[in-house]
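Tertiary structure, described
The chain contents come next:
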Amino acid sequence: MAKGTDLKIGLALGSGAARGWAHIGVLRALEEIGIKPDIICGTSIGAAVGAAYLTDQLDELQAWAQKMGWLGMLGIIDLTFRRGGLVAAEKAFGRFDNERSNILIEKLPMPFATVATDLSTGREMWLRDGPLMSAVMASAAMPGLFPAVRRDHHLLVDGALVNPVPVSLCRALGADLVVAVNLNSELSPLGRPTGRGTGKGLNGKGIGGNTVAVKAPEPVVAGGDAGSPALSHLTSQISTWLGRKPSRRTQFLADQIDDAHAHRQMPNALEVMAGSIDIMQDRITRSRLAGEPPDVLIAPRLAHIGILEFDRAAEAVEIGHAAASMLRPSIELALRRA
């Protein structure tokens, strides 16, 4: 696809843990469309995939991710937490400890930067130079999962805490047009809104604008869900309004739903942590993208994939590829406008 000779395209790859494998599919689709970025910025898993792309290791990353499965995940778990996180970082990133990865960011073929968070001050840190693997590990240090990374007298953790989709960083590095990938466009499966389109921008057309309207999900009202114990009372009221008592079948169904609700299992610690991070990322992303909209926003529908379900790489890659491919008209329009 032709573009202006001076037009610099920035690619902002967002956070999302296991959903981040979708970035691989997005990069494949952009390559098929004929889009080659001039600047790449990533947060968390977006930084890892961006680094693999720039060091010509995308094929290896995809093959490793799709073969990992749960047994592979168990191999990098450190249940003692003695390293500051549930996952031993050296095991998770050790597969890519090689000559291509052990280079300075300045030596990469194009501008690249990651986002991390200073654990002491909460400041957003832009890592634009120095060792590549150190910058990636710092950006991906999800609290509770990966240990913090010490770099240049700073203790750094996941950049998703402050800037999940680094559009602003792409602009700062000189991008004229920014294509952003938001992996958290829906809430977690426990409470996500439904019915949103795949891969559409904030204005529903794939193109960022000056005025952005983001509809917040409806609040959950206690006792109003389908499994509420109040359902029996509700069915009784409805039947009374109809001038008769609840039928045996209606009452039996209400009793069964009440019983199932009463015995619903509480989520474990990992599920609570993952769900909390999901909500946090969604809220921060909405706020940042409203103030710093990209020119094109790719938002694959990945909420059904948990942020710790790293064994679903093949599915995530496919969804990312489809979402980016569908936005080809929007990307072409953005290039003509730029």
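Remember, predicted model here, so these are calculated numbers, not experimental data.

Following the sequence through the fold, D282 ends up in helix 9 (residues 269-291). Residue D282 is classed as buried on the basis of its relative accessible area of 1%. Here R283 takes part through its side chain, which lies 2.9 Å from a polar atom of the side chain of D282.

This part takes up the environment of G291. Relative to the assigned elements, G291 resides in helix 9. Remark: the alpha-carbon pair of G291 and S168, spanning 123 residues in sequence, is separated by 9.6 Å.

In this section: the pattern of salt bridges. Taken as a whole and assessed by the stated rule, the structure comprises eleven salt bridges. Across the pair E60 and R100 runs a salt bridge, and its minimum N-O distance is 3.1 Å. Of this pair, E60 sits in helix 3 (residues 58-74) while R100 is found in the loop between helix 4 (89-94) and strand 3 (112-118), placing the two residues 40 residues apart along the sequence. If you follow the salt bridges from partner to partner, you end up with E124, R288 and E292 in one network.

All right, on to the packing of helix 2 (residues 45-54) against helix 5 (residues 132-139) then. How two helices pack is summed up by the angle between their axes together with the distance between the axes. Two numbers describe how helix 2 lies on helix 5: the axes approach to 7 Å, and their chain directions differ by 155 degrees. One finds that helix 2 runs roughly antiparallel with respect to helix 5. Considering the relative orientation of helix 2 and helix 5, their crossing is left-handed. Here helix 2 contributes A47, A48 and A51 to the contact with helix 5, which in turn contributes L132, V136 and S139. Here the contact of helix 2 with helix 5 is composed, by residue class, of five nonpolar, one polar and no charged.

Once that is clear, we can look at the UniProt feature "active site" (unreviewed entry) in the chain. When the UniProt feature table is mapped onto this chain, "active site" (unreviewed entry) is found at S44 and D158. In three dimensions, the annotated residues from a span of 115 residues occupy one location, with a maximal C-alpha spread of 6.0 Å. Relative to the elements of secondary structure, S44 occurs in the loop between strand 2 (39-43) and helix 2. Beyond its immediate sequence surroundings of up to four residues, S44 is in contact with S15, S139, A140 and D158. The class of D158 is buried, set by a relative accessible area of 3%. Setting aside its immediate chain neighbours within four residues, D158 contacts T43, S44, T117, A138, S139, A141, M142 and P143. Among the polar contacts listed, one links the side chain of D158 to the side chain of S44, at a separation of 3.3 Å.

Moving on, we get to helix 2. The element helix 2 is extensively covered by neighbouring structure, given that eight of its ten residues are classed as buried. Listing the buried residues of helix 2 in full gives I45, G46, A47, V49, G50, A51, A52 and L54. Just beyond helix 2, the residue with positive phi is D56, at close to 60 degrees.

This next bit is on the packing of helix 1 (residues 22-33) against helix 2. Where helix 1 contacts helix 2, the axes come no closer than 9 Å and their chain directions differ by 45 degrees. In terms of orientation, helix 1 lies oblique with respect to helix 2. As helix 1 runs across helix 2, the sense of the crossing is right-handed. Seen from helix 1, the contacting residues are H23, I24 and L27; seen from helix 2, they are I45, G46, V49 and Y53. Residue composition of the contact of helix 1 with helix 2, grouped by class: five nonpolar, two polar and no charged.

As for its placement among the helices and strands, R171 is situated in helix 6 (residues 167-172). What makes R171 partly exposed here is its relative accessible area of 32%. Once residues within four sequence positions are removed from consideration, R171 is found in contact with D176, L177, V178, P293, P294 and D295.

Let us look at the packing of aromatic side chains. Ring pairs (aromatic) are described by centroid distance and by the angle formed between their planes. Under the defined criterion, the tally for this structure stands at two aromatic pairs. With centroids separated by 6.3 Å and ring planes inclined at 70 degrees, the aromatic side chains of W21 and F310 adopt a geometry described as edge-to-face. Of the two residues, W21 sits in the loop between strand 1 (9-13) and helix 1 while F310 sits in the loop between strand 8 (296-298) and helix 10 (313-326), which places them 289 residues apart along the sequence. Overall, W21 belongs to the buried group, its relative accessible area being 4%. A residue is classified by how much of its surface remains accessible, and F310, at 10% relative accessible area, is buried. Every member of this aromatic cluster is reached through a ring pair, and the members are W21, W64 and F310.

Cut-off values and rules
- Residues numbered from 1 in each chain as written.
- Predicted model: local features only at pLDDT ≥ 70, side-chain atom pairs only at ≥ 80, totals over all residues.
- Heavy atoms only, no water.
- Helix = DSSP H or I, 4+ residues; strand = E, 2+ residues; numbered from the N terminus.
- Buried < 20%, exposed > 50% of the residue type's maximum accessible area, 1.4 Å probe, protein only.
- Polar contact = N/O pair within 3.5 Å; in protein donor to acceptor, adjacent residues only side chain to side chain.
- Salt bridge = Lys/Arg side-chain N within 4 Å of Asp/Glu carboxyl O.
- Axes fitted to C-alpha atoms, helices over the stretch in contact; angles between N-to-C directions.
- Parallel < 35°, antiparallel > 145°, perpendicular 65-115°, else oblique.
- Left-handed = near helix turned anticlockwise from the far one by under 90°.
- Contact = heavy atoms within 4.5 Å.
- Nonpolar A, V, L, I, M, F, W, Y, C, P; charged D, E, K, R; others polar.
- UniProt positions renumbered as here; feature names shortened; annotations may be inferred.
- Phe/Tyr/Trp six-rings, centres within 6.5 Å; stacked < 30°, edge-to-face > 60°.

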